[in-house]
Amino acid sequence: NTQFHTVSFITNGGHLYPNIKNVLENDQIGDLPTPTRTGYAFAGWYTGLTDGEQVDATYIPTQNITLYARWRKLSDYIVTFNPNEGEVGLKWIKIQENEEIGTLPTPTRENSVFTGWYTGMTDGILIEDTYIPTADMTIYAHWKDNKTINYNNDFSMEEYMTIAQDKFSEIVRADKESLERNGIK
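Chemist: Just to check I follow, could you spell out the sheet that holds strand S6 (residues 76-82) for this structure?
Modeler: Picture the strands of a sheet paired through backbone hydrogen bonds; they go either parallel or antiparallel. Reading across from one edge, S7-S6-S10-S8-S9 is the order of the 5 strands in this open sheet, with mixed pairing throughout. Every interior strand has two partners, whereas the edge strands, strand S7 (92-96) and strand S9 (126-127), have only one. Sheet topology note: the S6/strand S10 (residues 137-145) ladder contains 4 bridges and is parallel. Bridge assignment links Thr80 to a residue of S10, and that residue is Thr138.

Chemist: Just checking my understanding: could you explain unusual backbone geometry for this structure?
Modeler: Trans is the prevailing form of peptide bonds, just as negative phi is the prevailing case for residues other than glycine. A cis geometry characterises the amide bond from Tyr17 onward to Pro18, with omega recorded as -5 degrees. By secondary structure assignment, the location of Pro18 is in the loop between strand S1 (4-10) and strand S2 (20-24). One non-glycine residue, Asn111, lies in positive phi territory at about 60 degrees. Relative to the helices and strands, Asn111 is located in the loop between S7 and strand S8 (112-118).

Chemist: Please explain the sheet that holds strand S3 (residues 40-46) as it appears in this structure.
Modeler: Strand order in the open sheet formed by 5 strands is S2-S1-S5-S3-S4, with mixed pairing between adjacent strands. In this open sheet, the two edge strands, each paired with only one partner strand, are S2 and strand S4 (54-55). With 5 bridges connecting them, S1 and S2 associate as antiparallel partners. Looking across to S2, one finds that Ser8 is bridged to Ile20.

Chemist: Even after reading the chapter, I still don't get the nonpolar core, so can you show me in this structure?
Modeler: In globular proteins that are soluble, nonpolar side chains generally tend to be buried together. With 13 residues, the main nonpolar core has Val79, Phe81, Ile101, Leu104, Trp117, Ile127 and Ile139 as its most contacted residues. Looking at this core, the elements with two or more residues in it are S6, S7 and S10. If you tally residues by element for this core, the top one is S10, at 4 residues. Counting 10 residues, the second-largest nonpolar core is a separate cluster that includes Val23, Ile65, Leu67 and Trp71.

Chemist: Got a minute to help me understand the environment of Thr2 in this structure?
Modeler: Summarising the element assignment, Thr2 is placed in the segment before S1. Along the chain, Thr2 and Glu25 lie 23 residues apart, while their C-alpha atoms are 7.7 Å from each other.

Chemist: Is there a simple way to think about the pairing of S3 in this case?
Modeler: A regular strand places its side chains on the two faces of the sheet in alternate fashion. Sheet topology note: the S3/strand S5 (residues 65-73) ladder contains 6 bridges and is antiparallel. Among the inter-strand pairings, Gly44 is bridged to a residue of S5, identified as Arg70.

Chemist: Just checking my understanding: could you explain the packing of aromatic side chains for this structure?
Modeler: Here a ring pair, both rings aromatic, is described through the centre-centre distance and the interplanar angle of the planes. Under the definition given, this model contains 6 aromatic pairs. Taken together, the aromatic side chains of Phe9, Phe42, Trp45 and Trp71 make up a single cluster linked through ring pairs. Above the plane of the ring of Tyr46 lies Arg70, whose end atom (NZ or CZ) is 3.8 Å from the centre. A cation over an aromatic ring shows up here: Lys73 above the ring of Tyr40, its NZ or CZ 5.2 Å from the ring centre.

Chemist: What is the right way to read the side chain of Ser112 from this model?
Modeler: Mapped onto the secondary structure, Ser112 falls in strand S8. In terms of polar contacts, Ser112 uses its side chain to reach the side chain of Arg109, at 3.1 Å.

What counts, and at which threshold
Residues numbered from 1 in each chain as written. Predicted model: local features only at pLDDT ≥ 70, side-chain atom pairs only at ≥ 80, totals over all residues. Heavy atoms only, no water. Pairing = 2+ DSSP bridges. Helix = DSSP H or I, 4+ residues; strand = E, 2+ residues; numbered from the N terminus. Core = buried A, V, L, I, M, F, W, Y, C linked by side-chain atoms within 4.5 Å. Buried < 20%, exposed > 50% of the residue type's maximum accessible area, 1.4 Å probe, protein only. Phe/Tyr/Trp six-rings, centres within 6.5 Å; stacked < 30°, edge-to-face > 60°. Lys NZ or Arg CZ within 6 Å of the ring centre and 35° of its normal. Polar contact = N/O pair within 3.5 Å; in protein donor to acceptor, adjacent residues only side chain to side chain.

Right, dumping it as structure tokens:
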């Protein structure tokens, strides 16, 4: 005559199906189900609603028992975007704990090419859309100078050269003679 003990699971606002498990007498409870609850992390099963001991897979029930889920509220993290002398429409986003950062905004800066968001102003780790923040943080836009020279092959028309250097941008208008005077052929 095989005896079972029924284990009932009360989720306290979470979701779980099925919410009952039968365990053979004198056997360990075994794998425990993991309920879900929006905005919370599951913190374990306990023998009491607000007290009692935590139960794991090695627990051996001696009678029918009810176990209660306990929860920890997930944190929200603020990720602030520093465009690093550029411009960005979105100033910050809120990410819930354990969530990926997702699609990031693309900033702009005159005469520069955006190379990515990083954890440091001039160095740091590249932040990709799969990054999972663990605290509030600021990420920084990194830039590469965009130097272009537009000209025609015979120098018969005016040329426009854009030079981006350090923090300053300068547009130089030159024709063939001024280029040659400055040693540019």
